[in-house]
Amino acid sequence: MDTASTASASSRSEGEPEKDSTCGSCDSDDVDPRYEGLREYHRSRSYGDHSKFKKILLSLTEETGPSGQLAVLTELCEVLSFCTEDSLSSMLADSLSPILVKLARHDSNPDIMLLAARAITYLCDVFPRSSAFLVRHDAVPAICQRLMAIEYLDVAEQCLQALEKISRDQPLACLEAGAIMAVLKFIDFFSTSVQRVALSIVANICRKLPSDCPSLFMDAVPILCSLLQYDDQQLVESVAFCLTKITERVSQNPEKLDELCEHGLIKQTLRLINLNSGTTLSLPVYNGMIGMLVKLSSGSYLGFRTLYELKICIILKDILATYDVPHGVSSPRLADGHCIQVQEVLKLLYKLLPALANNEDIQQVSEKVAFLRSNPGFLRMFGVDVLPLLIQVVNSGANIHVCYGCLIIINNLLSLSTSDILAEVLTNSNFSSFLAGVFTRKDYHVLDIALQIAESSLQKLGDVCLKSFIKEGVFFAIDALITPEKCSHRLFPVFGGNQLSVDSSQKPANKDVLRCLCYAFENDHSPSASETRTCKLAQDTVHQRAKDIKTGFFSPELCDSEEALTDILQMLKTFATSINGLTNESIDESSLQHQEKFHSVLHQIAVKLNGSEPISTFEFIESGVVKSLVNYLSNGLSTSDKVELDGKVGRLLVIEKRLRVFGRLVFTPLDSLHGDLPMVVLIRKLQSALSSLENFPVIINNSTKQRNSFALVPNGRCVSHPCLKVHFVRGEGEECLCDYSQDVLTVDPFTPLNAIEGFLYPKVKKSESVEKNALVEEENLPMKLPINANLTCGESSEHMEFHGMSTALQDLQQGEANLSKSIPDQPDVGQQSNPGGTSDEQDCAVSQSKTPESDINGSSQSPSFEDDIPLPKLLFYLDGEQIDRTLSLYQAVLQQQIKVGNEMIASAKLWSQVYTLKYRRAAEFRPEYSQDCLFSARNLPLLDKTGVYMQGTPCFSYLFAGKLASDLEKPSPVYDILVLLKSMEAMNRRAFQLMSFERMTAFAEGRMDDLDDLKVMAPLVPQNEFVSSKLTEKIEQQMRDSLAVSTGGMPSWCNQLMESCPFLFSFEARRKYFHLSAFGQLQIQPDPPSHGSVGALTDRRRSASGLVRKKFLVDRDRLMDSAVQMMDLYARQRVALEVEFDDEVGTGLGPTLEFYTLISHEFQRPGLEFAEVINRFILLGKLVAKALQDGRVLDLHLSKAFYKLIIGQDLTSYDIPSFDPELGRTLLEFQALVDRKKFLESVHGEGSTQKNDLCFRNIAMEDLCLDFTVPGYPNYVLSSGPDHKMVNMTNLEDFISFVVDATTNSGISRQVEAFKSGFNQVFPIKNLQIFSEDELEHLLCGENNSWEFSELLEHIKFDHGYTASSTPVIYLLETIQEFDREQQRSFLQFVTGAPRLPSGGLASLNPKLTIVRKHCSKSADAELPSVMTCANYLKLPAYSSKEMMKEKILYAIREGQGSFHLS
């Protein structure tokens, strides 16, 4: 076969971008006059090209020799490569087509063939409509002829390029001409790039295969199946797509499906989808291949049998086991793809476990069932491998469709299995507990399938199953379905009311409405199928099925007696009764007898919880132990709607004492618990109960197409999501406001009610005189003082906090003239100079500063539950119910849907419906007290000056003061569980305080005499024990929803639980939520690589996240001044800052990270004046907030105590050891002496204490010669009173209080407020309150851990001459491990620009750390390594030894510091 020709085979379509055929289509008469000249140029050029084509056409029609034809064809290709669509006309294209086809059929001259094929390619590229003319003139058969008998390889390659263009618009013509076999026949002879073109042709044809004549494409199946074994991923994905489309087209033809199976398609597909195969496919292709297996299993008995024989269940097990993998995926497209993958896997499982009653092809289903019954091993393997994972998926918080699908498959498995198989499969699955959790769902379809599962289990396992059903509460759940009015069980409160109505006459109104669950696994063959089907579930199906089960399997004695109560349940009920009795006792709470009784009951509960006989969730909750514990510990506050301070001081002291007894037990190991703390055992039991009981809905937007819209309310702007249609109507009888019943308005759905009020109130308020008369009429109404009297109407709480926080420092420093002068006035954002930005950008900055909670797309944040909400002017009502002001309008609408049990919302109806919003004047204000302001830890000791136990103790009373989630009923099992978990999590964080207090109490009472015994090692429970995997999965799903552009776009429970119980969610989930709440959907993404200043974008460029990037020039010698200027310009603006150092060539991520590192070190330099310190703290707050916003890492060590202060937590004397161990330990020992003195005086009377009993380590207090100054700071005078000269036992308590106050409160409050003031200029600091102090360190400063060899090997990329096994690479990894801590930090800064890794370590570094070989002009040992910090790119010479490499790396690090010239 001759492969040579005199012309080169250019393939313009591979390397060049395709021309836009619609260029110029947006021209109009009002186009900017600046472009008029350009348009005129295009017109003249098109006219010139048109003339050239006419001339070429004339030349081609004349009878000329081969040389003349070659010249004309060359000119034609040249003109086509530079012309536009306007240069050609249909007439010209139609005239050229037959000539080019004729020349492509040339018999003898390969150059003419090549140029003709190339001209056809270019013609289709420039003028796509020409493909129809070419088809009409038989271009496709001509090209296929060349491909079926290849004489010249370059001609064949060009023919493939031409055919690929034609197949885009004319796939059917290509199919009928035999193009599929033509391009596949000699595919092995082509290079990989040409093979990809060939498969693109087949893929284009397969997109529109006809329903008849399968022979046209079935002949290609053997070749396609063999191509699945190739190594090229793009090639394999194209083949997989083709086979998927072919299978889809013949899915109704069992013979053709069998033919597919006979060619080994299933075996090759299983190899590709096997997660352990090493093959990586894109998610759509992967899902398509699983869908192909669904069709093969459904329509072909051979396919069904082959899948079982090839052990499909093992592969599906691996796929389901990775159900939680995409939690970290931020792309909605990938997240949706994963959801589709789970659904396809469930469909395949459904087809592999056929149910006779639900299928139309009875004969085929019977064959499949017979096959399974004759091969029970397959069912056994299926149950062992897949059933536990299906249970796990349901328990993980899957949406209702996935949950229902899993239950259908479980039901089919149980129906097909024999009793022996079922007994083996369900042995270790805790199946009854799982089923009890399913019965807490609200949907009738789910309840119906759960009843079917229960019935199958009872039929096949009898008494064994019945016993576990009683223990786990399934029996009571079924009973509750029959007689909900008589049901008093705590585990199934849903059946007492709030049930879904099943109306079989209802039909979906539009395509966006999700189909009924009855059709979960049925494929629609027409787009209207989901609109014409109705629910199959009759009105009384669930009730009747439950009644049948009760009649058939539950004896009358079991239903009507206490037999249904297990021994454990009765014993736990006894414990709950005992706790209730203690709650109602009127004896002194401080009596040892009362405390010992409580401790004894707790001890028995703890032993029972971890005993040999397990306690089910039903027994645990139904017994009332949790409810009794919460009621006892909270002293009744947990169920109070309001918590007033008046008259409650005594109750608060009782709470503190009870919690200490509780803490003493749960932190003390018991012999019977084998090392597990009672705390851990109780937490796990509560988490299990929470997973079973909670029903917080995941509301997913079903509309896949996002569209921009214009929101007139609150401030008239374009938003990237749909708007709600609202009709504002004045409430009946409202005379103080004007009527605003205008046309329907579009409202940003995620905007808070404060912003809506700001829009509406100026339009509905009456004149001042009218309003005064209205106020006179209402002056006798009970009014409370507003929380923020300075707030004006219409401003949101976020607005006020954002701008008002800068004044907090000035209020604090009133009267101190020298200090107030040091605080610069914050310029108004709208008047800031911005030399780098245009006027448009300045306007944008003003808009963002006025509405800081709005992102660039216009989305708003959901307001937090703070005590700084503005004074409400209006009250809003939706369907007669007042809307909670903490909700966005979208959340208020969702609440209505949730109340009727809808977990999936019909998107089209949601956005098309018009909502009537009634407004009234707010006549009475009822501000809610914040948890943090109710009971302060440093104020509580003042409540009990005479008590031994209260001085300096932690305050947990606030735990029972605030609401957890307004959607939860008080009391309810879930509410009680959350309250108890919240209390225990707070105790765990303050375990050191609790244990220290116990030791101090023992010392005070004389049970301990050595002060050294006060030292404690707090047995902390790992924080991940408090994380609920189910709730974490739910909020991850919710944040992946397309409408989650802000926290206002999620159900209210997400915001409420995240603020009241953040510990329930993983750190990763909270970090995503933080970005969503603080910055909206637009998040700062890792910077793209930047190679010096070459090709740098302008100042107006945008980051990957959509934020405008701002480049700032920094002087290394004046870092602090540069930082001040930078923050003055950009602190209040939503821009991504990028640093460039003066007189250095580097810019981008590397220099930016180095700037943050260097400025971190600058802040740690001592020797500032106090006035300057305040300014520095303001600047520090801005920089820290900006680093968080831009995703930068700081090398700054801040104490945990400081983190606690900035997130609004109080400090006590127990926090001092965390930053000053010696002072903290001494103060606690002093406090122990004070407590001993009080105890002795209470027992023996004042003045009767022995001196020896009150000595500090055998030294009298007076002999310590302490004065009333802060230890170590003699100029800081604590008190100058006559009794406060020198410290003695009489005034020791005052000394401790003064030192603690100076150290944790008054002495640092101005610095802390200064930091908050600066921070709030970037974004509200309240968004950090969902993190602990350790997590804030992690978030801000990243990782600081040592590196393991395996971790380095796994997360570093080796390229351009290096692999993981290269000798220099091994040298490098060993060298890094040999570095000491400082050398590792220096190496990291040298390569990335920062001495610390981001949160998540090497795995989170983006771009990935890459090591490449540096090619040297001379000896490698004479060269230095170089880096590109913006790309995390290390160019490493191949040194001769590890010692030489270490020497050169350390030298480069030393010499490369302080500049970006080394490359």
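So, how was this worked out
- Residues numbered from 1 in each chain as written.
- Predicted model: local features only at pLDDT ≥ 70, side-chain atom pairs only at ≥ 80, totals over all residues.
- Heavy atoms only, no water.
- Helix = DSSP H or I, 4+ residues; strand = E, 2+ residues; numbered from the N terminus.
- Contact = heavy atoms within 4.5 Å.
- Areas by Shrake-Rupley, 256 points an atom, 1.4 Å probe, with all protein chains shown as cover.
- Pairing = 2+ DSSP bridges.
- Axes fitted to C-alpha atoms, helices over the stretch in contact; angles between N-to-C directions.
- Expected span 1.5 Å × (residues − 1).
- Buried < 20%, exposed > 50% of the residue type's maximum accessible area, 1.4 Å probe, protein only.
- Parallel < 35°, antiparallel > 145°, perpendicular 65-115°, else oblique.
- Nonpolar A, V, L, I, M, F, W, Y, C, P; charged D, E, K, R; others polar.
- Salt bridge = Lys/Arg side-chain N within 4 Å of Asp/Glu carboxyl O.
- pLDDT = per-residue confidence, 0-100.
- Left-handed = near helix turned anticlockwise from the far one by under 90°.

**Here's the deal with the overall build of the chain**
Now for step 1: A count of helical and extended segments in the chain gives 61 helices and 17 strands.
Now for step 2: Considering only residue pairs separated by 6 or more positions, the chain has 76% of its internal contacts joining residues 24 or more positions apart.
Now for step 3: Surface exposure of the chain reaches about 62600 Å², of which carbon and sulfur atoms provide 50%.

**So, the sheet that holds strand β16 (residues 1426-1428)**
Sheets are built from strands that pair by backbone hydrogen bonding, the pairs being arranged parallel or antiparallel.
Now for step 1: Here we have four strands laid out as an open sheet, ordered β14-β15-β17-β16, and mixed in their pairing. Edge positions in the sheet fall to β14 (1357-1359) and β16, since each has one partner strand and no second. Adjacent strand axes in the sheet meet at a mean angle of 25 degrees, parallel and antiparallel pairs treated alike.
Now for step 2: For strand β15 (residues 1410-1413) and strand β17 (residues 1433-1436), the ladder comprises four bridges, and the chain directions are parallel. Looking across to β17, one finds that T1410 is bridged to Y1433.
Now for step 3: Lying over the sheet, helix α59 (residues 1367-1378) contacts β14, β15 and β17, oriented at roughly 120 degrees with respect to β17.

**A look at the sheet that holds strand β4 (residues 724-730)**
Now for step 1: On the basis of which strands lie adjacent, the open sheet formed by five strands has the order β5-β4-β9-β6-β7 and mixed pairing. Because the sheet does not close on itself, it has two edges, and the strands there are β5 (745-747) and β7 (881-882).
Now for step 2: The pairing of strand β6 (residues 874-878) with strand β9 (residues 914-921) spans five bridges and is antiparallel. Within the sheet, the bridge partner assigned to Y877 lies in β9 and is K918.

**Describing helix α50 (residues 1119-1130)**
Now for step 1: Over its 12 residues, α50 runs 16 Å from end to end, which matches the ideal 16 Å to within 8%, given 1.5 Å per residue.
Now for step 2: Of the positions making up α50, those classed as buried are L1119, M1120, S1122, A1123, M1126, M1127, L1129 and Y1130.

**As for the packing of helix α21 (residues 362-374) against helix α22 (residues 376-395)**
Helix-helix packing is described using two parameters, namely the angle between the two axes and the distance between the axes.
Now for step 1: Orientation of α21 relative to α22, taken along the N-to-C sense of each, is 85 degrees, at an axis distance of 4 Å. It follows that α21 is roughly perpendicular to α22 by the angle criterion. Counting all contacts with α21, which are made through F371, L372, R373 and S374, the residues of α22 involved are P376, F378 and L379.
Now for step 2: Each residue belonging to the contact of α21 with α22 can be placed in one class, and the counts come to five nonpolar, one polar and one charged.

**So, helix α8 (residues 153-169)**
Now for step 1: In a regular helix each residue adds 1.5 Å, so 17 residues correspond to 24 Å; α8 covers 26 Å between its end C-alpha atoms and thus fits that length.
Now for step 2: Counted residue by residue, α8 has 13 buried out of 17 residues, so it is predominantly covered.

**A short note on the pairing of β4**
Now for step 1: Looking at chain direction, β4 and β5 are connected through three bridges and run antiparallel. Directly across from L724, in β5, lies its bridge partner V747.
Now for step 2: Relative to β9, β4 runs parallel, the two sharing six bridges. Following the sheet pairing, R730 is matched in β9 by Y919.

**A look at the environment of P722**
Now for step 1: With respect to the helices and strands, P722 occurs in the loop between β3 (717-719) and β4.
Now for step 2: Under the relative-accessibility criterion, P722 is labelled buried at 7%.
Now for step 3: Along the chain, P722 and R707 lie 15 residues apart, while their C-alpha atoms are 6.5 Å from each other.

**Focus: the pattern of salt bridges**
Now for step 1: One pass over the structure, following the stated rule, counts 53 salt bridges.
Now for step 2: Put simply, E1025 and R684 hold a salt bridge, and the shortest N to O gap is 2.9 Å. Here E1025, found in the loop between α46 (991-1004) and α47 (1029-1040), pairs with R684, found in helix α36 (residues 678-693); they are 341 residues apart in sequence, far enough to count as distant.
Now for step 3: What makes E1025 buried here is its relative accessible area of 18%.
Now for step 4: Relative accessible area serves as the criterion here: at 43%, R684 is assigned to the partly exposed category.
Now for step 5: Salt bridges sharing common partners tie together D1012, E1222, R1225, E1229 and R1257.

**What about the confidence of the model for the chain?**
Now for step 1: Overall, the prediction assigns the chain a mean pLDDT of 78, with 76% of residues at 70 or greater.
Now for step 2: Below a pLDDT of 50 lies the segment residues 325-336, which in the model reaches 14 contacts outside its immediate sequence neighbourhood of four places, other chains included.
Now for step 3: Confidence over residues 925-954 falls short of pLDDT 50; this stretch has 76 contacts with residues more than four positions distant or in other chains.

**Focus: unusual backbone geometry**
Now for step 1: Geometrically, the link from V713 to P714 is a cis peptide bond, its omega value of 10 degrees lying close to zero.
Now for step 2: Tracing the sequence through the fold places P714 in the loop between β2 (709-711) and β3.
Now for step 3: With a phi angle near 50 degrees, N1432 is a residue other than glycine that sits in the positive phi range.

**A word on the packing of helix α4 (residues 90-104) against helix α5 (residues 110-126)**
Now for step 1: Between α4 and α5, the shortest axis-to-axis distance is 8 Å and the interhelical angle comes to 145 degrees. Handedness of the α4/α5 crossing: left-handed. Every residue of α5 that contacts α4 at S97, L100, L103 and A104 is listed here: I112, M113, A116, A119, I120 and L123.

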